[in-house]
Amino acid sequence: MAEPVKDKIEMNSLLVSPDDSSFINDPKTSLHLPSPGTSYGSTLSVGPEASTANLLKIDLEKKLSRHTGEERETWGNRAEFLLSLIGYAVGLGNVWRFPYLTQKNGGGAFLIPYAVMLAIEGIPLFYLELAIGQRLRKGAVGAWNQVSPYLQGVGIASAAVSFNLALYYNTIMAWCVLYLVQSFQSPLPWSTCPTHIEGNVTIVNKECQISGPTTYFWYRETLNVAPSINSKSVLNWKLVISLLVAWVVVFLCMVKGIKSSGKVVYFTATFPYVVLVIFFFRGITLHGYQSGLEHLFIPEWKKLADPQVWLDAATQIFYSFGLAFGCLIALASYNPVRSNFVTEAFFVTIADFFTSIFTATVVFCVLGFKATATYEECLRDNNNTMSISDGNGTVTKCDFKTIISESASGTGLAFIAFTEAINQFPVPQLWSVLFFLMLFTLGLDSMFGTLEGALTSINDMMLFPTARKEIVCGIVCGTMFVISLCFATTTGSYVFAMFDSFSANIPLLIIAFIECVAMSYIYGLKRLSLDVEMMVGTRPGYFFMFCWRFVGPVAMVVIFTASIVEKLSNGTWYEVWDSSKGFAVMSPWPGWCQVVAALMILSSVLWIPGVAIAKYFRLISWKEEVASYFPEEELIEERGIEPHEDTVIEKYLLGFK
């Protein structure tokens, strides 16, 4: 039988691809070799020196197919996957969300719980989700259905959170569009306060005079913010148009799937670092920058007793790294089975952590400059006296810590701080264009991963089995644009704050908790360890397995319980713009907002028990999930994996059976 096969290969090499080894039954058969090189994700060499056994396994990934029978897309190369992870993880969560949470939670006091959560949640969960996606080769819905049919709701819950996140993250991109368009004006519209003429006198706008031009421009010109969330809501047409532009750009970038977004990230993942470095060197030359850095790095120790600080730190890890959204599982599902995702997990999480710290450093340099200028002006107005007597006692008029806390806060912190820095640059229009283009690209990166997780889940559930991906993507983006119009109103910034405070933080904790418990106690750490060994050649260390089985779940339960108790004891609050004072003040959420917040949380987490109940009682006829092909026997043989003898720790602590 060997000779006819050999003749067939030699005479008809153009008709039979060496990628298809199914017809070969003689290991001594000679093959036409492709040009020397390496296949992404493969440990097999491709060249004249390669063995016949290896050649029979080259590009095995091309046989890996989804339950639809179609070949699954894969990343063009390892760099595309790595840059997509960096672009997804290093995004708006670092440049926009991290600085304002740091400001909200006492500066340096926030960095300590953030570092702790990085170690016990961030890196272990990032590792775990990449392993799940690469091993099961499905989006979050399909992957969790493979772990257990009763866990399919975890994937749907992740997709629901991704939709909520995409809704308001794209609003940040709309704000960027608005600022970007106005960056071509000279002078920049946020560089001076507006004026009007009364008779022969030029009057400066009083609200702007109190708050400062950058803060005024954010609250009044950009948001046209209402006094509270209970105020009458009116559409802001500038924001409506900006939202439309943002969603059209996202659709055009997403419509071709990872083959197009994988190319875009070469620019979007690297450009922000260039701009941030430039702003850093400008920031450390500003007068008073060191005061801002002291506020950032010297903690208020009493803040560590506040469970809200720990909840914010824990959930910021999810936002920063994109954990529990299902997006990492989706991105890793396009990986070849031999890709060493462990390297990417360590590199991306550490890079993400230092990017957050670096961005906060830039922001607080500017805040220090802004607060120092206000503080010195306050001293001049009070004859260089910090405190004065008003007859009822001594009143501190010029307190630097109070001033820096009020100089900029909330969701607009990055916009206010960076526009203040832009005003200090020569040719500020150039730097304004660069910065808001950078922020827009960061938003695109975040949206790529967020929507990819949601769209992959829709595809895995076969909700639109005959529709082309472009059509599904268009329907999703169009629907989300219509819903996101609620952010483009005079009360939209308050609705935005509600989404940011409630739509993802508690649901992400619950989803991540179930992920750890499911993989540790249902799928099993022994099985997971073998999967990782087959894919990357080494088993996960005890540290990761202890975090998945014990440390992570316990930390999440403690933080969740403490935050619920704290909210019940102290109530829930949000920032409202006080035009008479020139800064935002805290106000309790109205009752109806708390009901809406509860519905936001339930809209995602109820999928978890709901789907489990529906499947258990067979209330819905579910199509049986077909597992994606995984070459287990071939990988065990290729890597020479021997049967593993369980240690005492593995048997009695880690549940190996």
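Bear in mind the structure is a predicted one, so any value in this text is a computation, not a measurement. (Residues numbered from 1 in each chain as written. Predicted model: local features only at pLDDT ≥ 70, side-chain atom pairs only at ≥ 80, totals over all residues. Heavy atoms only, no water.)

**A word on the packing of helix α7 (residues 152–182) against helix α9 (residues 213–222)**
The relative placement of two packed helices is expressed as an angle between their axes plus a distance between the axes.
Step number 1: Relative to each other, α7 and α9 sit at 110°, their axes nearing to 13 Å. Relative to α9, the element α7 is oriented roughly perpendicular. Two packed elements cross with a definite hand, and for α7 against α9 that hand is right-handed. On α9, the residues touching Trp175, Leu178, Tyr179 and Gln182 of α7 are Phe217, Trp218 and Thr222. (Axes fitted to C-alpha atoms, helices over the stretch in contact; angles between N-to-C directions. Helix = DSSP H or I, 4+ residues; strand = E, 2+ residues; numbered from the N terminus. Parallel < 35°, antiparallel > 145°, perpendicular 65-115°, else oblique. Left-handed = near helix turned anticlockwise from the far one by under 90°. Contact = heavy atoms within 4.5 Å.)

**Side note on unusual backbone geometry**
Step number 1: In this structure, proline 187 follows serine 186 across a cis peptide bond, with omega equal to -5°.
Step number 2: Structurally, proline 187 can be placed in the loop between α7 and β3 (195–198).
Step number 3: Its identity is not glycine, yet valine 427 carries a phi of approximately 50°, on the positive side.
Step number 4: For valine 427, the location among the structural elements is in the loop between α18 (413–422) and α19 (428–460).
Step number 5: Not every positive phi belongs to a glycine, and arginine 618 is a case in point at roughly 55°.
Step number 6: Checked against the element boundaries, arginine 618 lands in the loop between α25 (607–616) and α26 (632–639).

**Topic: the packing of α7 against helix α21 (residues 492–503)**
Step number 1: Remark: α7 packs on α21, axes separated minimally by 10 Å, with the N-to-C direction vectors making an angle of 145°. The chirality of how α7 crosses α21 is left-handed. Residue-level contacts link Val161, Asn164, Leu167, Tyr168, Thr171, Ile172 and Trp175 of α7 to Phe496, Phe499, Asp500 and Ser503 of α21.
Step number 2: Its residues assigned to classes, the contact of α7 with α21 comprises seven nonpolar, three polar and one charged. (Nonpolar A, V, L, I, M, F, W, Y, C, P; charged D, E, K, R; others polar.)

**Some points on the state of the cysteines**
Step number 1: Scanning the entire structure with this criterion turns up two disulfides.
Step number 2: At a sulfur-sulfur separation of 2.0 Å, the disulfide partner of cysteine 193 is cysteine 208. With the S-S bond torsion at -85°, the cross-link from cysteine 193 to cysteine 208 turns out left-handed. Taken as a pair, cysteine 193 in the loop between α7 and β3 and cysteine 208 in helix α8 (residues 206–211) lie far apart in primary sequence, 15 residues in all. Of the two residues, cysteine 193 and cysteine 208, both sit in the buried class.
Step number 3: Here cysteine 378 connects covalently by a disulfide to cysteine 398, the sulfurs 2.0 Å from one another. Sign of the S-S torsion, about -85° for the bond between cysteine 378 and cysteine 398, identifies this disulfide as left-handed. Of this pair, cysteine 378 sits in helix α16 (residues 341–381) while cysteine 398 sits in the loop between β6 (394–396) and α17 (400–407), and the two are 20 residues apart along the sequence. Cysteine 398 carries the same exposure label as cysteine 378, and that label is buried.
Step number 4: By sequence order of its bonded cysteines, the chain has the disulfide arrangement 1-2, 3-4. (Disulfide = S-S within 2.5 Å. Buried < 20%, exposed > 50% of the residue type's maximum accessible area, 1.4 Å probe, protein only.)

**What about the side chain of asparagine 170?**
Step number 1: The residue asparagine 170 is located in helix α7 in this model.
Step number 2: Apart from residues no more than four positions distant in its own chain, asparagine 170 is found in contact with Leu243, Ala246, Trp247, Val250 and Met447.

**Comments concerning α25**
Step number 1: If you check which residues of α25 are buried, you get Ile608, Val611, Ala614 and Lys615. Across the axial projection of α25, the buried residues extend over an arc of 140°, all falling on one side.
Step number 2: The elements touched by buried residues of α25 are α6 (140–147), α7, α22 (505–536) and α24 (591–605).
Step number 3: Just downstream of α25, arginine 618 is the residue with a positive phi angle, here 55°. (Arc of directions from axis to C-beta.)

**Some remarks on the packing of aromatic side chains**
Step number 1: Enumeration according to the criterion identifies 49 aromatic pairs in this entry.
Step number 2: Ring geometry for phenylalanine 280 versus phenylalanine 281: centroids 5.3 Å apart, planes at 70°, classification edge-to-face.
Step number 3: On the numbers, 5.8 Å between centres and 75° between planes, the contact of phenylalanine 346 with phenylalanine 544 is edge-to-face. With a gap of 198 residues between them, phenylalanine 346 in helix α16 and phenylalanine 544 in helix α23 (residues 542–570) connect regions that are remote in the sequence.
Step number 4: Judged by relative accessible area, phenylalanine 346 falls into the partly exposed class, the value being 36%.
Step number 5: Relative accessible area serves as the criterion here: at 9%, phenylalanine 544 is assigned to the buried category.
Step number 6: Over the aromatic face of tyrosine 319 sits the side chain of arginine 97, whose NZ or CZ is 3.6 Å from the ring centroid. (Phe/Tyr/Trp six-rings, centres within 6.5 Å; stacked < 30°, edge-to-face > 60°. Lys NZ or Arg CZ within 6 Å of the ring centre and 35° of its normal.)

**Regarding the environment of threonine 479**
Step number 1: The topology assignment puts threonine 479 in helix α20 (residues 469–483).
Step number 2: In the structure, threonine 479 is positioned 312 residues away from leucine 167 in sequence and 10.0 Å away in space, judged by C-alpha atoms.

**Description of the pairing of strand β8 (residues 583–588)**
Step number 1: In this sheet, β8 lies alongside strand β7 (residues 573–578) in antiparallel orientation, the contact comprising six bridges. By the bridge assignment, glutamate 575 is partnered in β8 with methionine 586.
Step number 2: What sits between β7 and β8 in their antiparallel hairpin is a turn of four residues, with glycine 582 showing a positive phi close to 80°. (Pairing = 2+ DSSP bridges.)

**Comments concerning the pattern of salt bridges**
Step number 1: Inspection of the entire model under this criterion finds seven salt bridges.
Step number 2: For lysine 104, the salt bridge is made with aspartate 312, and the minimal N-O distance between the two is 3.2 Å. Taken together, the residues span a long stretch of sequence, with lysine 104 in helix α4 (residues 92–104) and aspartate 312 in helix α14 (residues 307–321) at a distance of 208 residues.
Step number 3: A salt bridge links arginine 220 to glutamate 207, with the nearest nitrogen and oxygen atoms 3.0 Å apart. Of this pair, arginine 220 sits in helix α9 while glutamate 207 sits in helix α8; the two residues are 13 residues apart in sequence, bridging distant segments of the chain.
Step number 4: Overall, the relative accessible area of 16% leaves glutamate 207 in the buried class. (Salt bridge = Lys/Arg side-chain N within 4 Å of Asp/Glu carboxyl O.)

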